[in-house]
Amino acid sequence: MNKQTSVINRRDASTAKNATRLMIWALAWVLTTALAAFGPKVIWDFHTGLTILGVLINVGVGFGMIFATKRHLQRLDEMHQKIFRDAAVLSLGVGLVIASSYELLEDIQLITAQPEISHVIILMTLTFLVGMIAGHRKYR
Amino acid sequence: MKNRLKVLRAERDWTQAQLANELEVSRQTINAIEKGKFDPSLPLAFKAARLFDLSIEDIFEG
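Rules used throughout
- Here the residue index of a chain counts from 1 through its sequence in written order.
- Chains carry letters from A onward and ligands carry numbers from 1 onward, assigned in written order.
- Under the rules for a predicted model, residues below a pLDDT of 70 receive no local features and side-chain atom pairs below 80 are neither given nor counted, while totals for whole chains, interfaces and linings still include all residues.
- Computation of side-chain values: all heavy atoms of the structure, hydrogens and water removed.
- For salt bridges, the criterion is a side-chain nitrogen of Lys or Arg within 4 Å of an Asp or Glu carboxyl oxygen.
- Each helix corresponds to a stretch of at least 4 residues labelled H or I by DSSP, and each strand to a stretch of at least 2 residues labelled E; elements are numbered beginning at the N terminus.
- Per-residue accessibility, obtained with a 1.4 Å probe over protein chains only, is compared with the maximum for each type, and a residue is labelled buried under 20%, exposed over 50%, and partly exposed between these values.
- The contact criterion used throughout is that any non-hydrogen atoms of two residues lie within 4.5 Å.
- Joining two parts hides part of their accessible area as seen by a 1.4 Å probe, and the buried area is that hidden amount summed over both.
- The definition of a polar contact used here is a pair of N or O atoms within 3.5 Å, where within protein one atom must be able to donate a hydrogen and the other to accept one, and adjacent residues in sequence count solely through side-chain atom pairs.
- Centres within 6.5 Å are what make two rings of Phe, Tyr or Trp a pair, Trp counting through its six-membered ring; a difference in plane orientation under 30 degrees is then read as stacked, over 60 as edge-to-face, and the rest as tilted.

**Student:** Give me the lowdown on the pattern of salt bridges, citing residues and values where you can.
**Tutor:** Applying the stated rule across the entire model yields four salt bridges over all chains. Asp86 of chain A is the salt-bridge partner of Lys82 of chain A, the closest N and O atoms lying 3.1 Å from each other. One end of the pair is Lys82 of chain A and the other is Asp86 of chain A, both in helix α3 (residues 78-107) and four residues apart, which spans about a single turn. By relative accessible area, which is 38% here, Asp86 of chain A ends up partly exposed. Glu34 of chain B serves as the salt-bridge partner of Arg9 of chain B, at 2.5 Å between the closest nitrogen and oxygen. One end of the pair, Arg9 of chain B, is in helix α1 (residues 5-11); the other, Glu34 of chain B, is in helix α3 (residues 27-34), and 25 residues separate them in sequence. For Arg9 of chain B, a relative accessible area of 11% corresponds to the buried category.

Written as structure tokens, this is what we have:
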């Protein structure tokens, strides 16, 4: 029984380790996005080489985050994979529908402000979180 | 989907964690299956049938 318990703990520890790794990649992506967005104005005064480097680092870290997400998903069991996938589908769907309507609002002059991609990213993140919480509650 | 997983587990005096370990899933997944909230995939149902030395139909009802 102790052996079995330790196997479960190793599996859970591995999943937790992958989740932590994913969180670090996500945080790194947010930080490099901020660097690419504000670095040219605040730090290096629009130096072209540094600006390109900032964007390349941001894209590279973004791909790292994608692979970390894939690895994390593969380590989950089938119920948790379903919860994750359902939340991702909800997030993608809501993001697509709201982003297209949001863009339309400016075109048909219902709003004057330029639609920002960051608003859509925030919406998709919050929708994903709601989907994950709802999924865990559903199967509790 | 109704199933006899909880009864079969209790007969062997196993915890949910032990069964989860045998089937290589999380304890939460075993709990959800026992409560009929989550339907296992066919491979997982076969794995459970092999573990209890029963047919799938003996464990899971349609």
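Structure shown, so let's carry the discussion forward.
**Student:** Got a sec to walk through the interface of chain B and chain A? Specific residues and values, please.
**Tutor:** Counting residues at the interface gives 19 residues for chain B and 13 residues for chain A. Contact between chain B and chain A buries roughly 1300 Å² in total, counting both sides, with carbon and sulfur atoms accounting for 54%. Viewed at the interface, chain A and chain B are joined by zero salt bridges. Where chain B meets chain A, there are five residue pairs in polar contact (both at pLDDT 80 or more). Of all the secondary-structure elements, those providing two or more residues to the side of chain B that touches chain A are α2 (16-23) and α3 of chain B.

**Student:** Quick rundown of the packing of aromatic side chains? Include the residues and the values.
**Tutor:** Two aromatic rings are characterised by how far apart their centres lie and by the angle between their planes. All names here are of chain A. Overall, the coordinates contain three aromatic pairs over all chains when judged by the stated rule. Note on Phe84 and Phe128: the rings are 5.2 Å apart at their centroids and 70 degrees apart in plane angle, and the pair reads as edge-to-face. Note that Phe84 is positioned in helix α3 and Phe128 in helix α4 (residues 117-138), a separation of 44 residues in sequence. Note on Phe128: relative accessible area 22%, which makes it partly exposed.

**Student:** Describe the environment of Ala26 of chain A, with residues and values.
**Tutor:** Structurally, Ala26 of chain A is set in helix α1 (residues 2-42). Separated by 36 residues in the primary sequence, Ala26 of chain A and Gly62 of chain A place their C-alpha atoms 8.0 Å from one another.

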